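# Understanding the architecture of this molecule
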Amino acid sequence: MNIRILIISLFIFNLALSQNFSKFTIDNTFGSTRGIEIADLNNDNHIDLVALTIDETPEVACWFNDGNGTFSSKVSIDSNLDDTGTSGDDITVLDINNDGFLDVIAVVAKSFQNKLIWYQNNQNSTFGEANIIDSVGFGSDEILTFDADNNGFDDIIISDSGSTYYYPNLGNATFGSKVLIIDNTSRGMTANFFNDDIYKDLVNTRGNSFLANNGDGTFASPISIEMSIASNFVDSGKIDNDDFFDIVVSDIQGVLTWHSGNNDGTFEPFQVISETEYSQIAHMDIGDIDNDGDNDIVATTAFASSDLIWWENMGNGTFGPTQIVNSETTGNYDVKIVDVDEDGRKDIIISNPVGVFWFKNDLTLSNTNFDLKSVLSVYPNPTTNRKVNISSQVIVNKVMVYDNTGKLISDLTINNLTANINIESSGFYFIKIITEIGTEIQKIIVK
């Protein structure tokens, strides 16, 4: 009898929580939407959306957000595509030509061959013609951008059905020939500061490995991570409040797990967050949904039960039961956590076979948002007078400045809300800001 009461209670609990998100349509005509990315495309300080569809009329498009959660009509970026069903399904953004506006990168099938392409942002809410970086063959399940070779420009990192490569950004809107990072059946990837240096490293699935970035465009030999049996996609963030980056891994058999990172390129054995409730868990994103200072997890599921779901982080990496945000559409795919309407609450954007939608967060929030990026300001960047200011809403305990070789050139103990840093020489640097609630690393340019 007690078990029946518990099951009924959990059902009512999840049903009630699903009412705490209101569904809004961005575009329900953009069928078979796969990869999505969120970014400020027109520099109006509001988060916009760019997406890729693989239906019978494949297309790359974007929608501009007015800051209140209302999106513009679809702005087509490229509709002159072939059937992209055999291509990759990810899309991202990067300021490739260094004009201050984010351009769009995607793997698409064009002229009957899969290609890695970028579209120049024209700065007037339109985009230019396709610029071909490479004909990559199979396609890409994941596209990342970060400075793999430490030359001050973010590179493009892709995985396909066979290998993982990066394309060196030469800084003049051109890319060098692709460089092999690892040759395995990589699918999902995530990049973050997984060891105690200033270079972003890689974790991939299917290969189930960690690859340390040497800071010169090369990566160390892979270190095996004991992931679940059929790992799918992976994301990274701080889960257990120890200020180290952890990883969350989805599974094609419906399992979601997380690994605690040790800040030395190793990870603890996986801990199960959810299992056997769904036939497959696809993409996930990490963010503080209920504003209690702990990062929660939102995920999409596939096939028969295709829910949009989330798990509350109860503190120190323990999670509550699966909570359903929405169950209306099968085939949900990509998911992003972002404050769409700028009300201080993290909302959710998803893609699925019908189009793109967002879910307004109506939860009763616990606390002030502790996202470091929202409470720290480093300016000006670039700087022309070799002075950098740091303004923070939380106490800054220490500021460490590294040059582009990783050499520590300044180490200041502060214990204040502000800091002023002088840098003697021009170039690009990394500033590691250690606060009372966590650590943030930012890249700055000194002219």
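First things first, this report covers the structure right here in the doc. For clarity, every value in this text was computed on a predicted model and none was experimentally measured.

This part takes up the sheet that holds strand 28 (residues 335–338). In space, the four strands of this open sheet follow the order 1-30-29-28, with antiparallel pairing throughout. Because the sheet does not close on itself, it has two edges, and the strands there are strand 1 (21–27) and strand 28. On average, each strand axis in the sheet is tilted by 20° relative to the strand beside it, whichever way the strands run.

What follows deals with the sheet that holds strand 4 (residues 59–63). Ordered in space as 2-3-4-5, the four strands form an open sheet in which the pairing is antiparallel. In this open sheet, the two strands that pair with only one neighbour each are strand 2 (33–39) and strand 5 (75–78). Here the average twist between neighbouring strands, direction ignored, is 25°. For strand 4 and strand 5, the ladder comprises three bridges, and the chain directions are antiparallel. From the neighbouring strand, Ala-61 faces strand 5, where its bridge partner is Ser-76.

Grouped burial of nonpolar side chains is what soluble globular proteins tend to show. With 19 residues, the main nonpolar core has Phe-194, Val-203, Phe-210, Ile-225, Ile-247 and Phe-267 as its most contacted residues. Listed by contribution, the elements that provide at least two residues to this core are strand 19 (246–251), strand 32 (387–402) and strand 34 (427–435). With near-sequence residues (within four places) excluded, Phe-194 lies in contact with Asp-201, Val-203, Phe-210, Ser-236, Phe-245, Asp-246, Ile-247, Asn-263, Asp-264, Gly-265 and Phe-267. Counting 18 residues, the second-largest nonpolar core is a separate cluster that includes Val-375, Val-388, Val-396 and Ile-433.

Once that is clear, we can look at the pairing of strand 29 (residues 347–351). Strand 29 sits mainly inside the fold: five of its five residues count as buried. What you see with strand 29 is no split at all: Asp-347, Ile-349 and Ser-351 on one side and Ile-348 and Ile-350 on the other are buried throughout. As defined by bridge partners, strand 28 adjoins strand 29 across four bridges and the pair is classed as antiparallel. When the sheet's bridge partners are listed, Lys-336 is paired in strand 29 with Ile-349. As defined by bridge partners, strand 29 adjoins strand 30 (residues 356–361) across four bridges and the pair is classed as antiparallel. Paired with Ile-349 across the two strands is Trp-358, which belongs to strand 30. Linking two consecutive strands that pair antiparallel, namely strand 29 and strand 30, is a turn of four residues.

About the cut-offs
- Residues numbered from 1 in each chain as written.
- Predicted model: local features only at pLDDT ≥ 70, side-chain atom pairs only at ≥ 80, totals over all residues.
- Heavy atoms only, no water.
- Pairing = 2+ DSSP bridges.
- Helix = DSSP H or I, 4+ residues; strand = E, 2+ residues; numbered from the N terminus.
- Axes fitted to C-alpha atoms, helices over the stretch in contact; angles between N-to-C directions.
- Core = buried A, V, L, I, M, F, W, Y, C linked by side-chain atoms within 4.5 Å.
- Buried < 20%, exposed > 50% of the residue type's maximum accessible area, 1.4 Å probe, protein only.
- Contact = heavy atoms within 4.5 Å.

Note that every value here comes from positions in space, so none of it alone points to a role or purpose.
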